[in-house]
Amino acid sequence: MDVIIRKIKHLQRIKPNASWLQSQRSFLLSEIARSQKPIKEKKPFLVFPLFNFSKIFRPAFAIAFSVIVLVTSLGTIGVMNAAQNSLPGDLLYPVKTVLEKTQFTFTTDDASRTKLSIKFATQRMDEFNQLIDKSEKTEDIQKTVKKFTQQMVAVQEEMNSLKEKNAQKAAEVAKLIQAQTPIYEDTLIKSTEKLGYILPGEKESLKQDINQALEELNKTKQVTDELIGKETPDTNNVPEDTETTPQEIVVPSSGETIESQSTQFENIQPSTEQVDKVE
Amino acid sequence: MADLETINKEKELLSRTVSGDKEAFGQLYDFYAPRIFRFIRLKVGSQTLAEDLSSESFLRIWEYLQRGEREIEESFQALLYKIARNLIIDYYKRKSSQEILMDDDFKEFLEGQLIIDDTRLNEDTEAVHRALVNIKEEYQDVIIWYYVDELSVPQIAKIMDKSQGAIRVLIHRGLKALKEHLEETE
């Protein structure tokens, strides 16, 4: 029997052709991708011509159609509103980010793009502030901080681009940013006090991300300060809020008692109202 | 097979596949495609047919997993082998086994891919294959799964929806039937 088993085992050497295996994989994945598309339900367009068109214009049809349109629109608006209030990790959060990206893509004016970038940064801060107390959301907190950092880098790039095209406009936008930066700084610094529930390893990693965010925030402040400083002698019209001197950002190390340096903004939390202000 | 199971990778890939992750499905394909091809190749007469049925098996399992009507309780492996087995049965229903044997290009296939100068080895492999396709369908399956694919008895029991005891009996009888066919031809 052992001899037979050994002979059967020879069959293990049977293998498919390697190139077939590879091409088959590509074919299979492309077939799958193709089969996934009909899920979007484009059928009604195909079915539509089968209707008797005269029926569509009957009052009953017209009312039914209007109701459907109304319900669908309200539903969509409802989803979009719900998405706006969603937090990272929520089901509708990807909708929120897609809406933001779409909004940004369709904004061509440099000043508006910069304002949008700062608006999104404020939203990230708002989300961060809401998530910080939730121990189960550690991963999302970290992602939000990273997204805020990316947003800060975007703001700097937008500002530099705007500065080259229209220095005066850039200075105006810089003032708006300058009003927001202390709030961000305050939120980030204070957040480290609330991290007691996070595991030590995760805490360190999150603190590094917060420090990184503070670093980028500092750079943004430098850019705005420089712009406002440049603009002041030309316009000779310095608004009150530009008198705020750039504050040095102190990144608290672990174990250190955290005392916010931006005490004047102690009670200010980013909120949707502030987002509106930026707009 | 064991390495996939020990790291629980298959479960994770299966759950990702169920939620529509094509890349996860691609990884399952990479792991199972050579085995499923071999299983089908040993049971059908032509290389092209084996390739077609292997491909069809993967498409069918993807469709099955995407239906989302029920909870997937079986392993990906068990599902895939069941699908491949049903496809082969359907094929056999359409074509007589005599036709299948007449079309068999297994010898050419062996010559194309095995060690060319080891004639004895090729002859042995061909003889085993000839004997294998002449025994009962159930025996063929358990012999391939147990000795070639090296699945465990519980794994085969899952694929065949039979008790482990019944599988042990099938393996024993299958081996005996194979031995008789080999002796006849020698």
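Below: a short report on this structure. Keep in mind that what you see is a predicted model, and the values were worked out from it rather than measured.

1. Structural notes on the nonpolar core
Point 1. Ile36, Ile40, Leu80, Ala84, Val142 and Ile143 of chain B are the most contacted members of the largest nonpolar core, which has 47 residues in total.
Point 2. Elements with a contribution of two residues or more to this core: helix H3 (22–43), helix H4 (47–67), helix H5 (76–94), helix H8 (119–132), helix H9 (137–148), helix H10 (153–160) and helix H11 (164–185) of chain B.
Point 3. Examining the composition of this core, we find that 10 residues originate from one element, H3 of chain B, more than from any other.
Point 4. Each of domain 1 (1–104) and domain 2 (118–186) of chain B accounts for three or more of the residues forming this core.
Point 5. Once you skip the residues sitting within four places of it in the chain, leucine 80 of chain B turns out to touch Tyr32, Ile36, Ser57 and Ile61 of chain B.
Point 6. Counting residues in each nonpolar core, the second largest holds 32 residues, with Ile141, Val145, Val173 and Ile228 of chain A among its members.

2. A closer look at the interface of chain A and chain B
Point 1. Contact residues are listed per partner, giving 23 residues for chain A and 30 residues for chain B.
Point 2. Elements supplying a minimum of two residues to the side of chain A that touches chain B: helix H1 (2–10) and helix H2 (18–36) of chain A.
Point 3. Take the side of chain A that touches chain B: its biggest share by element is 10 residues, from H2 of chain A.

3. Things to note about the packing of helix H2 (residues 9–18) of chain B against H3 of chain B
Residues and elements named next belong to chain B.
Point 1. Packing of H2 against H3 brings their axes to within 7 Å, and their N-to-C directions diverge by 135 degrees. With respect to each other, H2 and H3 are oriented oblique. Note on packing geometry: the crossing formed by H2 with H3 is left-handed. Note on element contacts: H3 touches H2 through Ala24, Phe25, Gln27 and Leu28, opposite Leu13, Arg16 and Thr17.
Point 2. Class assignment of the residues belonging to the contact of H2 with H3 gives a composition of four nonpolar, two polar and one charged.

Cut-offs and rules
- Every chain is numbered on its own, with residues counted from 1 as its sequence reads.
- Both sets of labels track the order of writing: A upward for chains, 1 upward for ligands.
- Owing to the predicted nature of the model, reporting of local features is limited to residues with pLDDT of at least 70; listing and counting of side-chain atom pairs is limited to 80 or more, with chain, interface and lining totals taken over all residues.
- We define the nonpolar core as any set of buried residues of the types Ala, Val, Leu, Ile, Met, Phe, Trp, Tyr and Cys, connected via C-beta atoms lying within 7 Å of each other.
- Exposure criterion: with C-beta atoms placed from backbone coordinates, a residue whose C-beta has 20 or more other C-beta atoms within 10 Å is buried, one with 12 or fewer is exposed, and one in between is partly exposed.
- Put simply, DSSP H or I for four residues or longer makes a helix, DSSP E for two residues or longer makes a strand, and each gets a number counted from the N terminus.
- All the domain ranges listed were derived from an automatic or database domain assignment.
- Contact between two residues is assigned whenever their backbone-derived C-beta positions fall within 7 Å.
- The axes used here are C-alpha line fits, helices contributing only the stretch in contact, and every angle between their N-to-C directions lies in the interval 0 to 180 degrees.
- When describing relative orientation, an angle under 35 degrees is termed roughly parallel and one over 145 degrees roughly antiparallel, while 65 to 115 degrees is termed roughly perpendicular and anything else oblique.
- Two helices crossing with the near one rotated counterclockwise from the far one by less than a right angle form a left-handed crossing, whereas a clockwise rotation gives a right-handed crossing.
- Throughout this entry, Asp, Glu, Lys and Arg are counted as charged residues, while Ala, Val, Leu, Ile, Met, Phe, Trp, Tyr, Cys and Pro are counted as nonpolar. The remaining residues, Gly among them, count as polar.

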